[in-house]
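Per-entry structural report
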Amino acid sequence: MVFQLMARMPWPFLFVLPVTFLVFIGIGFSQDDIVEKKVQNLWEPTRSDFVADKTVALKVREDNGVPVVGGSTGFSAMAIARDRGNLFEENRLNELRDRMEKVEATTVEHNGITFTWDDVCLQNSLGKGTVYKLPCFRYSVLDFFQEAQWSFTESRRVTWYNELVQKLLIKPLLGRFGIMNSFCSSASSNSQSVACDDVIASRTNKDFLPGLLKNPLLLLSDIRGMEMNDECRICIESQFEGKMNNLTTSYKTIFEILFTELRKLNNTDTDNASEIQDLLQKLPTIIENIDRTAVEEWYHYYVIRDLYSSLGAESYKDEFNTFVQDPQLNLACSVAKLLGRPVECPENNITLVDGIKHLQDHADNKFSSVITAGFPFPFWDEGDETGSFLAGRSPVGGSGIDMSGEVFSSAKYFGLSDGNTSTWYLDLFSKYNTSDWSPLYAGEKINISDPNWALVESDPIFRWFIGSVTNMTSHCGNGNLTGSSGLPGVDESVILNEILFNVSKGRRWCTAYSIPFEEDGTKTQQFFVKMFYDLLVDSDEFLSIRQGDNDPYDWTTGNGCNYSLTGSRFSYTNMSEESILNESSTVLYNFEEGAALGAVDTRPLMASYPIAGEYNSDNPLKSVPVVQNIYPALTSTGLVERLRNCNRPGGPIEISKEDATQVITKFKEAFENNWAEGWDDRDSSEVQFVGFFDDIETSGTTGRILEELTLENGTLTTVSIILIAVVSGIFLFSFDLISSQVGVCMVGVALVIIAFFSAIGFGVLIGIKINVSIAWTLPFIILGLGVDDMYIVLLSFRNHRVVSKESFAKTMKEVLIPVTMTSLVNASVFAVMNVVDIPVIYKTAQVALISIIFLWMSIILCFPAYCYLDIKRQESNRYDVLVCVKKQINDTNRDSSRESFLFVCYKSLLLEKGARSKVLRVLVLLSSTALLALGVYGITERKVGFGLQDFFPSSSQAQTWAKETTQTIGSWSIALNWGAADYNDPDTQLFIMRQMEQVIETPHVVETDTIRLWLANFNVWTTRQCQANFDRSDANVLECGQDQVFPLDNSRCTGKWMRNTYNAREKIFAEKDKCLIFEGGVCRPSLQMHPEDLRDLGIDPENLGNETYSSWCPVFEGFTDAKLQFCLTRWHNFTGGGGNLIKVDNTKTPYSVCEGEFNDDADIVTPILLSEGPLMFAYDLKSDQDYLDMIKETRQFCDDVDRVQCWITGIPYNYWEQFLHIEEALLLASSVGVGIGFTVAFLFLFVMLTSEKEHSAVKVLGGSLLGSLLIALTILLSLVPVVGISVLAGVKITAFSVMSYLLSIGFVVEYSVHIVHRYMKAPNTLDSPVERVEYAMSFLSLPMFMAYVSSTLGVICLAFTEFEFNTVYFFIPLIIVMQVTFFFGCWFLPVILTLLNLQSLKFGSPAAEEDCKQNSNTELNELPRREVPRLDSGNSSNYEYDA
């Protein structure tokens, strides 16, 4: 009925569908983001447990308002020696350095704003307030060398000095150093323990442990390296906490008493009124400000004073004795004395005790603004810079506060017991009622004229805090020594500024950062004291560091292995290649020497001989041909926050997340281009630079190339379409321009093209982006399938008498069945490809399904209308294409010479009765067997997967990077992740810690310390092994778990130790002066446990007994969710946390010092829903099999474990996940394809034959079953050779090749369904199978050959792509598909049918018999003179005369 309507009213059918399809094209292709640029959206399986875990994590983060995208993206910047030689030589390292400096200066502009690498890099800070003040962190082997210091500008050097050297090294250590010497060593009269005697002796006594380095300053490193269970460390920490608390409480009380007592005077002491008023004004400020921080600060400088005299006395004594023996000086002194001039000649020699006294006197002397460093030799009559040389016994300069008095002497004045701390906690007024309170001043009021008042004034702490509120005008100066002595015959400049400075090494301490510098400024007296001592610590006599000049490359803290305190990193300048390699055969650190990030494993950073892990100082490096820097960068959320920071150069700015994403996209491309500049110019340098930016959040290297690769098909697709059109036109052209059908053929091709591209546009509208598989397979396959059906319809009209609207409808009804059947089978096959969970397969299949539907609609519901008009054109004797030109009626020229040469050849080869056809049929069967055998063999030789080097085009620098990565470095970052678990269960905690350790112990994962796992770190924090109190940011606030009081029940965040039931790793403990790169686990043997922890476990630390070799691990137990939230939040705030734990939105507080920055005090969401492990690296991944092995090795301890939800992420898992099951996916899709082909064909045949009501149910069932089996067999026999031959041609099993293989089903269905259907519907008068095959192929040979040729030519276009990836994974398999499917569909299947003389396959009808009669070669003379071309079903082309 539809076709009758189409014949009566063709115009709606001509335009409705094309216009609709054009709308889909216009709207779909005008969308902003239509190309799939994310690799994970192509080949990351969507229904695996891995994806399910990530989906859960994504949902949890979305529900909690946490950014979905990970916190960082990254660039792998590789440098390769072009000659494959060694990079570690001066010139090549300079090239690397220059390129790094250039790329780190990259900028991009967006919306008129310039963005720098400091904006985009992942981290450029060490703690709050330092954002933008330090260089961006990156991982680079150039950090072996001093030349990497270019990124430390002057301001950054100052930040490093203040935040790392001062806060993390000097200030935490010097106070403890003083405690160790004063209270934990028998050398001190105040000692309360001898726990540190051996430690001190190991650095100061050359006869004790002679193998150790002897230098008292090394005790600073020793203190930091001690375990918390070390008896010396226990003494130091307990005494430090006790003494600092005692001093804080005591002196706050003393100052309160002093203030109260002074107020009693009521101006009665007129002699000292001004002094008393001065004190009364200052004391409230002191009382308000005196706290633990202030007291620790005093003690820090008090210890420096002691160190100055004790550690410097030996060298000072030698310098002094050398100086006083100068003959010129002695002669001048003698002459001056004879002349009676006022000179005091120096002593001949001094002792060590004298040296200590001289240095203490210098430290306590007046502050000098002329030469702040001063001069400790006591040769002046005044302590400032104005004194006369050799006129007295005073040094020049000093701190400005004399701290030589006795600590707690003020307590004696007030009658307080300095040894009994209990009195410090008495209420102030209760003291007055205490009978034993006996102050030294007489009566009830203080008398500051009393000699005993000196006990207060001489107290160093009293002087320190009075100095904090006493103004002083001065500055830091580096001038020359002054003064006059009038020594006869002596040049003063020689004496003062040559002899003295030669002996004392210059003593010019001040820097531009010693503010006020060179010009007076008003500060407090304490300020200048601290300036003096800070400069003293920095001086050559001690740490030899200069603020603003030194950086972590030319001054090392000694925290890292093989680095010494006050040392420097190796400089390769002017050094031999061997020296450079030897010095690089050690441990690598970032600029913080491992204080924050630990040791940097070099396996992801360089290819070396010997390989990383095997070289050391005894077996040094021989060559390093490849190095790779890793530059971590922010994602959009982090960038938005970074740009708000007050420290941003140019000021903070506010941008949207969308703008931030665009900035990062631009930066990725610019950064990569700058790094890879000149990569393909061998003459430009000795080093080749290539790199790879990942695709996290926004397109990186792969995304850009993927987009380029996807869109690069335009030219070849156009050429393919043109070829299809040309070939179609050639086949349908006739010199008889009336019977020629080029015009309608071109319309058909156009409709196929429009339908196909509208399917893509429609796919875009429903969320299917154009991926590389869609772009490089479907245009060359689907267009072929479409034009094949178009040929079938068009040639059906040529082959039938269409003399009326009814005959038009009848023809379409007949052609509707096979076209619908092929479309239905293909659509079903593509539909069930959704069982494969690899996106590139099922999304391509979805677009293919839409294409099949749209093509069917075009071919069945639109194209016939054009065919009908073309028939009317021929009836009107109008020319093809030139429809306005009409042939004259008396022109009797006819194109009677054209024969179906194709079918004549086909018949003569295969369907004749002679021996030749029989032999050829045997050859076809043998060839089919050979192809099948070849396919089976090829499948056994299959290889799975392809690396990035297979994906990137050879003309791109990325392929060089990918090849080198695969062949040499083979390393990627990975991370463990956990979902919700019973984190309050100690056994679960230990199980999770052991999970990470087991992953680390697999062959392809780099070593990582367990302490870097957030849970292990937190658990240690809850125990006595916590070291957070060592360098806490606020001395008034203790930062370890056991110090945190949970307000709801006053319990503490205290953990415990449980037996090591999972054989978790124990911590490795280094011997003295032996450095460990990694420390292993967090569990401990009994011998390394804190004594109090052992007592908590019921074990006597003095008698371990059977527990000597027991192992214990830190856990917590019994925490409610509220308490766990409290403790985790405190831990995160104090230590920086970890684990990327989800935080309650809007609970972090602003950092008051810097707008735009926040404290780490956001509440942690509990119960814990998600957590992450530390950054780790997989390495030695040199082949696809290595990746698959690594995934399997690691997943057995994480993903495959049911107890807790655990999964591992990283590029190896995201990218190579597909290859774990790609073979199963191919098998599944192929099986389903064959099964669906069989099922749909069976159902269609059964319904069609049943509806005819001309055959028995048994025959219909048997025929449908047999026909569908033939179709399914042809599909299967085509698939096996397609896969196997492709494998032998070098095509690996991948999602892309699998898609190409599966598309073979479409072609073989197109061939087999038409042939089987026409064979079954052949007239019953054609009894022999050969005749029935001849009947089928007489019509089908031409359209099928046309489809084969046009599709093959289209696929051949793929051979001209510039991308080798397209050649290997699309062209090779698709060209094999074309040949194999044509062979099995049009040669093998007909030969098989010639052998099947089965009645169950014969379903011809009387109508078909009549059609057969009409297709004989007899002319129908009764037809009128108008000629209508028809293609005979026999062996020649004739004209029928249409009545």
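Look above for the structure.
Considerations on the nonpolar core
Membership of the largest hydrophobic core comes to 252 residues, with the highest contact counts inside it found for Met790 and Phe1296. The element contributing the most residues to this core is helix α45 (residues 1364-1394), with 21 residues. Those residues within four positions of phenylalanine 1296 in sequence are excluded, and the remaining contacts are Leu42, Trp43, Val772, Ser773, Val840, Phe946, Phe1365, Tyr1369 and Phe1370. With 173 residues, the next largest nonpolar core counts Ala81, Val131, Leu134 and Ala294 among its residues.

Here we look at the pairing of strand β2 (residues 107-110)
Of the two faces of β2, the one holding Val108 and His110 is buried and the one holding Thr107 and Glu109 is not buried anywhere. Relative to strand β3 (residues 113-116), β2 runs antiparallel, the two being bridged by four bridges. The partner of valine 108 across the bridge, within β3, is phenylalanine 115. Where β2 folds back onto β3 in an antiparallel hairpin, the turn is made up of two residues, including asparagine 111, whose phi is positive at roughly 55°.

Digging into the environment of leucine 723
Inspection of the secondary structure puts leucine 723 in helix α25 (residues 714-732). Taking the C-alpha atoms as reference points, leucine 723 and leucine 169, 554 residues apart in sequence, are found 75 Å from one another.

Comments concerning the pairing of strand β16 (residues 1111-1115)
Summarising burial for β16: five of the five residues are buried, a large majority. Relative to β16, strand β14 (residues 1056-1059) is paired through four bridges, and the arrangement is antiparallel. Across the sheet, tryptophan 1057 pairs through a bridge with proline 1114, a residue of β16. In this sheet, β16 lies alongside strand β15 (residues 1084-1085) in antiparallel orientation, the contact comprising two bridges. Along β16, the bridge assignment pairs proline 1085 with serine 1111.

Structural notes on the state of the cysteines
In the structure shown here, the tally under the stated rule is nine disulfides. Residue pairing for cysteine 476: its cysteine sulfur links by disulfide to cysteine 510, the two sulfurs lying 1.8 Å apart. Between cysteine 476 and cysteine 510 the sulfur-sulfur dihedral comes to about -85°; the bridge is accordingly left-handed. Residue cysteine 476 is located in the loop between β6 (471-474) and α19 (492-504), and its partner cysteine 510 is located in the loop between α19 and β7 (521-524); the two are separated by 34 residues in the primary sequence. You can call cysteine 476 buried: its relative accessible area is 0%. According to the relative accessible area criterion, cysteine 510 is buried, its value standing at 1%. Between the sulfur of cysteine 646 and that of cysteine 1154 lies a disulfide, 1.8 Å long from S to S. Looking along the S-S bond of the cysteine 646-cysteine 1154 disulfide, the torsion reads about -125°, which is the left-handed sense. Of this pair, cysteine 646 sits in the loop between α22 (636-643) and α23 (657-676) while cysteine 1154 sits in the loop between α38 (1121-1135) and β17 (1171-1172), and the two are 508 residues apart along the sequence. For cysteine 1154, a relative accessible area of 2% puts it in the buried group.

Re the packing of α25 against helix α44 (residues 1329-1356)
Relative orientation of the contacting elements α25 and α44 amounts to 155°, with a least axis distance of 8 Å. In terms of orientation, α25 and α44 fall into the roughly antiparallel class. α25 and α44 meet at a crossing whose hand is right-handed. On α44, the residues that touch Ser720, Leu723, Ile724, Val727, Ser728, Phe731 and Leu732 of α25 are Leu1342, Phe1345, Met1346, Val1349, Ser1350, Leu1353 and Gly1354. Considering only residue class, the contact of α25 with α44 consists of 10 nonpolar, four polar and no charged.

Digging into a nonpolar patch on the surface
Taken together, Trp11, Phe15, Val19, Val23, Ile27, Leu765 and Ile766 make up a surface patch of nonpolar side chains, about 660 Å² in accessible area. The leading source of residues in the nonpolar patch is helix α2 (residues 11-29), at five residues. The topology assignment puts leucine 765 in helix α26 (residues 742-765).

Comments concerning the pattern of salt bridges
If you walk through the whole model with that rule in mind, you get 62 salt bridges. Here arginine 1024 makes a salt bridge to aspartate 1096, at a shortest N to O gap of 2.9 Å. Separated by 72 residues along the polypeptide, arginine 1024 in the loop between α36 (1014-1021) and β12 (1045-1046) and aspartate 1096 in helix α37 (residues 1091-1096) bring together distant segments of the chain. Take arginine 1024: its relative accessible area is 24%, and that puts it in the partly exposed class. What makes aspartate 1096 exposed here is its relative accessible area of 57%.

Rules and cut-offs
Residues numbered from 1 in each chain as written. Predicted model: local features only at pLDDT ≥ 70, side-chain atom pairs only at ≥ 80, totals over all residues. Heavy atoms only, no water. Core = buried A, V, L, I, M, F, W, Y, C linked by side-chain atoms within 4.5 Å. Buried < 20%, exposed > 50% of the residue type's maximum accessible area, 1.4 Å probe, protein only. Helix = DSSP H or I, 4+ residues; strand = E, 2+ residues; numbered from the N terminus. Contact = heavy atoms within 4.5 Å. Pairing = 2+ DSSP bridges. Disulfide = S-S within 2.5 Å. Axes fitted to C-alpha atoms, helices over the stretch in contact; angles between N-to-C directions. Parallel < 35°, antiparallel > 145°, perpendicular 65-115°, else oblique. Left-handed = near helix turned anticlockwise from the far one by under 90°. Nonpolar A, V, L, I, M, F, W, Y, C, P; charged D, E, K, R; others polar. Patch = residues over 30% accessible without salt bridge, like charges linked within 9 Å, V, L, I, M, F, W, Y side chains within 5 Å. Areas by Shrake-Rupley, 256 points an atom, 1.4 Å probe, with all protein chains shown as cover. Salt bridge = Lys/Arg side-chain N within 4 Å of Asp/Glu carboxyl O.

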